[in-house]
Amino acid sequence: MLIFNRTFFFKDQPRKPESSEMNCPQDWPEPIVRVQSLSDAGAAVIPSRYIKPTTDRPQLFSSSDTNIPVIDLGDIFNGDHTLRRNCPAVEKIKEACREWGFFQVVNHGVMPELMDEARQVWREFFHQPMELKQLYANSPKTYEGYGSRLGVEKGALLDWSDYYFLHYRPSSLKDHNKWPSQPLPLREVIEEYGKQVVELAGKLMKVLSINLGLEEEFLQNAFGGDEIGACLRVNFYPKCPQPDLTLGLSSHSDPGGMTFLLPDHDVPGLQVLKDHKWITVKPARHAFIVNIGDQIQVISNAIYKSVEHRVMVNSLQERVSLAFFYNPKSDIPIQPAPELVTPETPALYPGMTFDQYRLYIRMMGPRGKSQVESLKSPR
């Protein structure tokens, strides 16, 4: 097992509450049931709360060879970290953002050993005794910690997954008491992992900016410069006796800026909606799956699209994936870039802070693209 030779000191810091926290309920509407416990019990059928409507159930077997674009970032930056604008990867990212909203990146600069270690320490966390995991049980007030549902609607249908959510940026939101102390290397590994993914995200923000005809730093500045938000959701999808009836995560677009998913290489599960068909993503080795979130769709005035995606589960194997969200500073109004607004292409969205925006999914759970589409005004 690789453990990075770095020392981090985790100090308790006073944390300023987000405005969305003050509007969220303090507790879940019903007792929380851990999906892993249901799976471990070995029942042949799943509870009715997890059975999706017929129209939402997955097609488990697909003969399609279609996959999201895989883009090599190896030559996209010079040795001095300046962007090579004529690099073929720049154009490929432009096409992927407009046509897919999803793409994979390889040779991205994050250490492959670190990616493997990050996935492994979280797998070990989820296989700890329940009483240890329960020490980190979360609430809808912040979602930080160990959870098993999104949304606070009583009686809502649930997804077949557990998760762990934590803040990485800004530092004022890091609550290290909510970071698991076991397995022992987890805090150290995730600190370094977050650092490297944030660096990768900053590079891709430059590419996305120039592909919109904007200055390299436009999107980064629109997100708050160095005061961006970043958080990690680790998904654990236990084995499911009836995977054809449920989903690990219901269809949704990501409410934030850009997502970097470290998938489970051994068990495919992510599906992306393309031309009204669900495409099962085939992960490349040591690739990140990158997708555009609603906030970049808004800033780009819908030139870039956030895309619905969902997760299937498996009857034979569990899955672990890490979704790292690169988001705007929570209190900055996000609106279409003025350079992209013309009489022919008027602004499609009103200004709204990310804090205001994400309250919807925290209250209602994943619901396709209903939120961002509801804000859209007709051209």
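Among all residues save glycine, negative phi is the norm, and among peptide bonds the norm is trans. A cis amide bond, omega -10 degrees, links Arg169 with the succeeding residue Pro170. Summarising the element assignment, Pro170 is placed in the loop between strand E4 (162-169) and helix H6 (186-211). Pro183 follows Gln182 through a cis peptide bond whose omega is 0 degrees. Residue position: Pro183 is located in the loop between E4 and H6. Although it is not a glycine, Tyr143 adopts a positive phi angle of roughly 70 degrees.

Within the open sheet, the eight strands sit side by side as E1-E2-E10-E7-E12-E5-E4-E3. Their pairing is mixed. In this open sheet, the two strands that pair with only one neighbour each are strand E1 (70-72) and strand E3 (145-147). When the angles between neighbouring strand axes are averaged without regard to direction, this sheet yields 25 degrees. The pairing of strand E2 (residues 102-106) with strand E10 (residues 288-292) spans four bridges and is antiparallel. Bridge assignment links Gln104 to a residue of E10, and that residue is Ile289. Contacts from H6 reach E4, strand E5 (229-237), strand E7 (258-262), E10 and strand E12 (319-327), with the element oriented near 135 degrees to E7.

In this section: a negative patch on the surface. On the surface, Glu91, Glu95, Glu99 and Asp275 cluster together into a patch of negative charge. With respect to the helices and strands, Glu99 occurs in helix H3 (residues 88-99). Classification of Glu99 as exposed rests on a relative accessible area of 53%.

Across the sheet, which stays open at both edges, the four strands sit in the order E6-E11-E8-E9 with antiparallel pairing between neighbours. The open sheet terminates on both sides in strands that have one partner only, identified here as strand E6 (249-252) and strand E9 (277-280). In this sheet, neighbouring strand axes are inclined to one another by 25 degrees on average, regardless of whether the strands run parallel or antiparallel. Direction of pairing for E6 relative to strand E11 (residues 309-311): antiparallel, over a ladder of two bridges.

Our focus in this paragraph is H6. Each α-helix winds once per 3.6 residues, and so residues spaced three or four apart point in a common direction. Given a rise of 1.5 Å per residue, 26 residues ought to cover 38 Å, and the 37 Å separating the end C-alpha atoms of H6 matches this to within 8%. H6 sits mainly inside the fold: 20 of its 26 residues count as buried. The first or second residue beyond H6 is Gly213, which carries a positive phi of 80 degrees.

Tallying each qualifying case throughout the model produces 14 aromatic pairs. With a centroid separation of 5.2 Å and an interplanar angle of 80 degrees, the aromatic rings of Phe125 and Phe126 are classed as edge-to-face. Plain terms: the ring middles of Phe125 and Tyr164 are 5.2 Å apart, the flat faces sit at 85 degrees to each other, and that makes the pair edge-to-face. Remark: Tyr164 occurs in strand E4 and Phe125 occurs in helix H4 (residues 112-126); sequence separation between them is 39 residues. In terms of burial, Phe125 and Tyr164 fall into one category: buried. Here the aromatic residues Trp122, Phe125, Phe126, Tyr136, Tyr146, Tyr164 and Phe236 are joined through ring pairs into a cluster of three or more. A cation over an aromatic ring shows up here: Lys203 above the ring of Phe77, its NZ or CZ 5.6 Å from the ring centre.

The next point concerns the packing of H4 against H6. The geometry of H4 relative to H6 is characterised by a closest axis approach of 10 Å and an angle of 140 degrees between their N-to-C directions. One finds that H4 runs oblique with respect to H6. For the crossing formed where H4 meets H6, the hand is left-handed. Between H4 and H6, the residues in contact are Leu114, Met115, Glu117, Ala118, Val121, Trp122 and Phe125 and Leu186, Val189, Ile190, Glu192, Tyr193 and Gln196, respectively.

What counts and how
Residues numbered from 1 in each chain as written. Predicted model: local features only at pLDDT ≥ 70, side-chain atom pairs only at ≥ 80, totals over all residues. Heavy atoms only, no water. Helix = DSSP H or I, 4+ residues; strand = E, 2+ residues; numbered from the N terminus. Pairing = 2+ DSSP bridges. Axes fitted to C-alpha atoms, helices over the stretch in contact; angles between N-to-C directions. Contact = heavy atoms within 4.5 Å. Patch = residues over 30% accessible without salt bridge, like charges linked within 9 Å, V, L, I, M, F, W, Y side chains within 5 Å. Areas by Shrake-Rupley, 256 points an atom, 1.4 Å probe, with all protein chains shown as cover. Salt bridge = Lys/Arg side-chain N within 4 Å of Asp/Glu carboxyl O. Lys, Arg positive; Asp, Glu negative; His and termini not counted. Charge placed at Lys NZ, Arg CZ, Asp CG, Glu CD. Buried < 20%, exposed > 50% of the residue type's maximum accessible area, 1.4 Å probe, protein only. Expected span 1.5 Å × (residues − 1). Phe/Tyr/Trp six-rings, centres within 6.5 Å; stacked < 30°, edge-to-face > 60°. Lys NZ or Arg CZ within 6 Å of the ring centre and 35° of its normal. Parallel < 35°, antiparallel > 145°, perpendicular 65-115°, else oblique. Left-handed = near helix turned anticlockwise from the far one by under 90°.

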